[in-house]
Amino acid sequence: MLNTEKLLSKFNPLTAEVSGAPTVKRHLHDLRGCFADAAAFEKAAAAGNPLLYQVAVVEPANGDGDLHYGVGRLMPGKIGDEYFMTKGHLHSWRAAAEFYFGLTGEGVMLLEDEATGESHMVPLEPNGVVYVPGDTAHRTMNTGKTPLTYIGVYPAKAGHDYGAIAKNNFRCLVLERGGKLAMIERK
Ligand code: S6P
Ligand code: ZN
């Protein structure tokens, strides 16, 4: 049995901090290639390199059946018409699914089946839980005006594979069109 320190962790739903847990930070320059409007990206990147999101990662154990979770905080903002987003990934162990629990703010998740490219835009909001099936690339976007915070729970052995997204990006993008949220196919 794990010791009490590993059996209990406490997250702050506003700051997305977990005491004792390491935090990964991603800044604008880390997202090069993710946004469709390259000119808008370069303009913003020349003006600065703000923090776009951070994730506190809690890894109590690493056995075959163990679980990990991350608490994410994604800032509001846009590059062109496209909302601030996470890099997005597949799990290295493709079969690994994940639950996302919305904590604060308004956002969406873009889910893309790796084999078929079938895409869904699913709201990520307080009291909402998004199921990310295995073999599905996932990216989170903040569509609101305040920080979006959430928890993702995934198998300890899931791992992250950023390669496919870095190469081909997602098939679809999520943006604001005429004051409304839209998912459209990338040209
Ligand atoms: C891990 C889980 C999340 C993301 C986080 C940041 O499986 O899906 O904790 O790591 O939302 O996204 P990304 O794409 O930069 O890892
Ligand atoms: Zn994941």
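Draft legend 1. A look at the environment of G77. Take G77: it is sitting in the loop between β3 (67-74) and β4 (78-79). We classify G77 as partly exposed; its relative accessible area is 25%. Between the alpha carbons of G77 and A182 there is a distance of 16 Å; along the sequence they are 105 residues apart. Setting aside chain neighbours within four positions, we find G77 in contact with E82, Y83, F84 and N142.

Draft legend 2. Structural detail: the pairing of strand β8 (residues 119-124). Across six bridges, the pairing between strand β7 (residues 107-113) and β8 is antiparallel. Paired with V108 across the bridge in β8 is P123. The hairpin formed by β7 and β8 contains five residues between the paired strands, and G117 there has a positive phi angle of roughly 80°.

Draft legend 3. Region of interest: the site of ligand 1. Around ligand 1 sit 14 residues in total, of which Y53, E98, Y100, Y150 and Y162 are the nearest. Take H91: an N or O atom from its side chain is 3.1 Å from an oxygen atom of ligand 1. A distance of 2.6 Å is found between an oxygen atom of ligand 1 and a side-chain nitrogen or oxygen belonging to Y150. Protein coverage of the free-state accessible area of ligand 1, which is 400 Å², stands at 96%. When residues of the shell around ligand 1 are traced back to their parent elements, those giving at least two are β2 (51-58), β6 (98-104) and β11 (148-155). Its residues assigned to classes, the shell around ligand 1 shows six nonpolar, six polar and two charged.

Draft legend 4. Highlighting the coordination of the zinc ion (ligand 2). Within the protein, H89 (NE2), H91 (NE2), E98 (OE) and H138 (NE2) serve as the donor atoms for the zinc ion (ligand 2), at 2.1 to 2.3 Å. What the six donor atoms of the zinc ion (ligand 2) show is an angle range of 73 to 173° at the metal, which sorts the shape as octahedral. Each donor residue of the zinc ion (ligand 2) lies on the same chain, and together they follow the pattern H-x1-H-x6-E-x39-H. Here the residue E98 occupies a position in strand β6, and H138 occupies one in strand β10 (residues 136-142), the gap between them amounting to 40 residues. Owing to a relative accessible area of 6%, E98 belongs among the buried residues under this scheme.

Definitions and cut-offs
- Residues numbered from 1 in each chain as written.
- Chains lettered and ligands numbered in written order.
- Predicted model: local features only at pLDDT ≥ 70, side-chain atom pairs only at ≥ 80, totals over all residues.
- Heavy atoms only, no water.
- Helix = DSSP H or I, 4+ residues; strand = E, 2+ residues; numbered from the N terminus.
- Buried < 20%, exposed > 50% of the residue type's maximum accessible area, 1.4 Å probe, protein only.
- Contact = heavy atoms within 4.5 Å.
- Pairing = 2+ DSSP bridges.
- Near = heavy atom within 4 Å.
- Polar contact = N/O pair within 3.5 Å; in protein donor to acceptor, adjacent residues only side chain to side chain.
- Areas by Shrake-Rupley, 256 points an atom, 1.4 Å probe, with all protein chains shown as cover.
- Nonpolar A, V, L, I, M, F, W, Y, C, P; charged D, E, K, R; others polar.
- Donors = N, O, S within 2.8 Å, 3.2 Å for Na, K, Ca; no water.
- Tetrahedral: all angles 85-135°; square planar, octahedral: opposite > 155°, others 65-115°.

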